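# Summary of the model geometry
Residues per chain are reported as follows:
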Amino acid sequence: MIQGLDPIIHAPKRLAAMAVLANATTASFRFLKDFLEISDSDLSKHMSALEAAGYVSSTKDGRGRGATTTYKMTRAGQTAYNAHRDALRALLDGPL
């Protein structure tokens, strides 16, 4: 019944970040942090996991305190996110 759920994406904060990125071209670290209402370190940990899986890419603009990190969903991330959404729908809409 839980076939198709992606354990990388399934964590609530990662799923929320992927949902944001699925509906935006890019999102800044600050935007995601504020939108998800989590700490810098928590967001960094989750985005690193998504990046390690190849689901998001990041770019850094500037150096030091004024640097900005921006995230973008990759094609692999879009494919994995869509498959995860489909698996969630099947689980939620399936027979009881």
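Structure's up top.
So, a few notes on the structure that sits alongside this text. Quantities reported herein were computed from a predicted structural model and do not represent experimental measurements.

The next point concerns the nonpolar core. Across soluble globular proteins, you tend to see nonpolar side chains buried next to one another. One finds M18 and M47 to be the most contacted residues of the largest nonpolar core, which totals 19 residues. Elements with a minimum of two residues in this core: α2 (12-22), α3 (29-36), α4 (40-52), β3 (68-73) and α5 (75-93). With near-sequence residues (within four places) excluded, M47 lies in contact with A17, L21, L32, V56 and Y71.

The 3 strands are arranged β1-β3-β2 in an open sheet whose pairing can be described as antiparallel. The sheet is open, and its two borders are formed by β1 (27-28) and β2 (56-61), each paired with just one other strand. Across the sheet, α2 lies against β1, β2 and β3, angled at about 80 degrees from β3, the strand it touches most. Its contacts with the sheet place α4 against β2 and β3, and it is angled at close to 120 degrees to β2.

Enumeration according to the criterion identifies 1 aromatic pair in this entry. For the ring pair F31 and F35, a centre distance of 5.7 Å and an interplane angle of 15 degrees mean the geometry is stacked. Pair noted here: F31 and F35 are both in helix α3, with a separation of 4 residues, about one helical turn. We classify F35 as exposed; its relative accessible area is 52%.

Below, the discussion takes up α4. End to end, α4 covers 18 Å across 13 residues, agreeing with the expected 18 Å (1.5 Å per residue, within 8%). On its buried face, α4 is in contact with α1 (7-10), α2, α3, β2 and β3. G54, located one to two residues past α4, shows a positive phi value of around 85 degrees.

The calculated volume of the largest pocket comes to roughly 260 Å³. Broken down by secondary-structure element, the contributors of at least two residues to the lining of the largest pocket are α3 and β3. Of the residues that constitute the lining of the largest pocket, the class distribution is 2 nonpolar, 3 polar and 5 charged.

Looking now at the pairing of β2. Here β2 pairs with β3 via 6 bridges, running antiparallel. Pairing of T59 across the sheet is with T70, part of β3. Connecting the antiparallel pair β2 and β3 is a turn made up of 6 residues, with G62 showing a positive phi of about 90 degrees.

Definitions and limits used
Along each chain, residue indices are assigned from 1 in the same order as the chain's sequence is written. Predicted model: local features are reported for residues with pLDDT of at least 70 only, side-chain atom pairs are reported and counted for 80 or more only, and whole-chain, interface and lining totals are derived from all residues. Excluded from the side-chain calculation are hydrogens and water; included are all heavy atoms of the structure. Definition of nonpolar core: a set of buried residues of the types Ala, Val, Leu, Ile, Met, Phe, Trp, Tyr and Cys, connected through side-chain atoms within 4.5 Å. For each residue, the accessible area found with a 1.4 Å probe, counting protein chains only, is set against the maximum for its type, and the residue is called buried under 20%, exposed over 50%, and partly exposed in between. Here a helix means four or more residues in a row that DSSP labels H or I, a strand means two or more in a row labelled E, and each is numbered from the N terminus. Residue contacts follow a heavy-atom distance rule, with two residues in contact if any of their heavy atoms lie within 4.5 Å. Any two strands are treated as partners once DSSP identifies two or more bridges connecting them. Here the axes come from fitting lines to C-alpha atoms, over the contacting stretch only for helices, and the angles between their N-to-C directions go from 0 to 180 degrees. Ring geometry is summarised as follows: Phe, Tyr and Trp rings, the Trp one being its six-membered ring, pair when their centres sit within 6.5 Å, and such pairs are stacked at plane angles under 30 degrees, edge-to-face over 60 and tilted between the two. Here the expected span of a helix is defined as 1.5 Å times the quantity of residues minus one. A 1.4 Å probe that fits into a set of points on a 1 Å grid over the protein atoms alone but cannot get out defines a cavity; an open set with protein on both sides within 12 Å along at least five of seven lines defines a pocket, and lining residues are those with an atom within 4 Å of a point. Grid points are joined across faces, edges and corners, and a volume is the space filled by probe spheres set on the points. Ten residues, namely Ala, Val, Leu, Ile, Met, Phe, Trp, Tyr, Cys and Pro, are considered nonpolar, four, namely Asp, Glu, Lys and Arg, are considered charged, and the remaining ones, Gly among them, are considered polar.

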